[in-house]
Amino acid sequence: MEKGNISIYFVQSALEPVIERGLDAESILIDAGISPTLLQSPQGRVTAQNFSTLWLGVARLLDDELFGQDSHRMKVGSFAMLCQILIHCDTLKSALQRMTRFFNLILDDFHCTLETDAQHAWLTIRETPGPKAPRVFGYETLLMLQHGVACWLIGRRIPVLAAAFAYPEPSRSAEYHLMYSENLRFNESATSLKFDRSYLELPVIQNERTVKEFVRVAPANIVLKYKNSSGLAAQIRRRLRTAARSDWPDFNTFAASLNMTASTLRRRLDDEGQSFQDIKDQLRRDMAIDSLCHTAKSMTEIAEELGFAEASAFQRAFKKWTGSSPGEYRQRMHKR
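Residues numbered from 1 in each chain as written. Predicted model: local features only at pLDDT ≥ 70, side-chain atom pairs only at ≥ 80, totals over all residues. Heavy atoms only, no water.

### Observations regarding the packing of helix 4 (residues 78-86) against helix 5 (residues 92-106)
Quick reminder of the rule: Inter-axis angles, ranging from 0 to 180 degrees, are taken between N-to-C directions of lines fitted to C-alpha atoms, where helices are fitted over the stretch in contact. A helix here means a DSSP run of H or I that spans at least four residues, while a strand means a run of E at least two residues long, and both kinds are numbered starting from the N terminus. With respect to orientation, any angle under 35 degrees is reported as roughly parallel, any angle over 145 as roughly antiparallel, any angle of 65 to 115 as roughly perpendicular, and every other angle as oblique. Here a crossing is called left-handed whenever its near helix is offset anticlockwise from the far helix by less than a right angle, and right-handed whenever the offset is clockwise. We call two residues contacting when some pair of their heavy atoms lies within 4.5 Å.
Between helix 4 and helix 5, whose axes approach to 10 Å, the crossing angle comes to 150 degrees. Classed by the angle they form, the pair helix 4 and helix 5 counts as roughly antiparallel. Remark: the crossing between helix 4 and helix 5 carries right-handed chirality. Residues Ser78, Met81, Leu82, Ile85 and Leu86 of helix 4 lie in contact with helix 5, whose contacting residues are Ala95, Arg98, Met99, Phe102, Phe103 and Ile106.

Right, here's the structure in full:
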């Protein structure tokens, strides 16, 4: 899996049912390699692997893979069973129809559907009338699961054209632009992800062999935006990671190195929901966090490796990425 990181908000939300039940949240955090003090940093971020370990720890403790977000538990093993069922579908459309039926069988407070018109499709989640109103984190978790599985089934990222939410805009809505789409609407009648209907006709390419690996590394491989490890964006990321930052080429030069025109490279990245600049920015951020958490390198050394002319420029960029200075971030991660 490609390295990456996610907002501390999801750590806080996953722990809420643990804290509400009076269980030991701090031990779960420490076992996941997350400093409890990082919870006090609203702009903090953790690695996908850290969050994956936390997710699994909370799920085992509660025997609930949806973190107590529904009146009915999604017992441990449900997600693996879902993936096993879906690989036997011929197309994404049949798989998503089966997936929504699966969730509707095991959940009480959410009702999932696949809706279409002539051009578009929507993965839609509505509240089921009842005494318990679903929590926002329940919607977010279901959307992550459903979109992540959909992308994996066809082996490519499905760009989200628009996202709608059946609740007011939260304070963390800036994170939604990274998670879902630039086109967001709140206070809607239903929560949904809109995408091009043509993806529904694509074949399901996964099988009994690949599903084992997918489930083994879940949920780290679905918490982040889906990355097809054999796709073009992943190839570019690997090439950039192995080269010194000072050797990173510009877009046109990189396209030529792949024997492509710039327009072809841009179109193919668009198909995967990526851009060359996004890949570079995310990689620099992830490399910085990795160095801060796992090495004793100075700020100047990290800045030089990432191609910054001076440490102060790196510090400004890092604060823009995470909301914390590099020194503060390192201190929080090591204080446990």
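From this point, the discussion proceeds with the structure in view.
### Side note on the pairing of strand 7 (residues 191-196)
Filter applied, for reference: At least two DSSP bridges between two strands are needed for those strands to be called paired.
Pairing analysis gives six bridges linking strand 4 (residues 120-127) to strand 7, with the strands arranged antiparallel. Of the residues in strand 7, the one forming a bridge with Thr124 is Ser192. As paired strands, strand 5 (residues 162-164) and strand 7 are joined by three bridges and run antiparallel to one another. Residue Ala164 lies in a different strand from strand 7, and its bridge partner there is Ser192.

### Quick look at the nonpolar core
How we decide: Among the buried residues, those of types Ala, Val, Leu, Ile, Met, Phe, Trp, Tyr and Cys that are joined through side-chain atoms within 4.5 Å form a nonpolar core. Per-residue accessibility, obtained with a 1.4 Å probe over protein chains only, is compared with the maximum for each type, and a residue is labelled buried under 20%, exposed over 50%, and partly exposed between these values.
Residues Phe51 and Leu54 are the most contacted members of the largest nonpolar core, which totals 76 residues. Per-element accounting of this core gives the leading share, 12 residues, to helix 6 (residues 136-154). Excluding residues within four positions of it along the chain, Phe51 makes contact with Ile6, Phe10, Val11, Ala14, Val46 and Val223. Counting 29 residues, the second largest nonpolar core, distinct from the first, contains Leu240, Leu269, Ala288 and Ile302.

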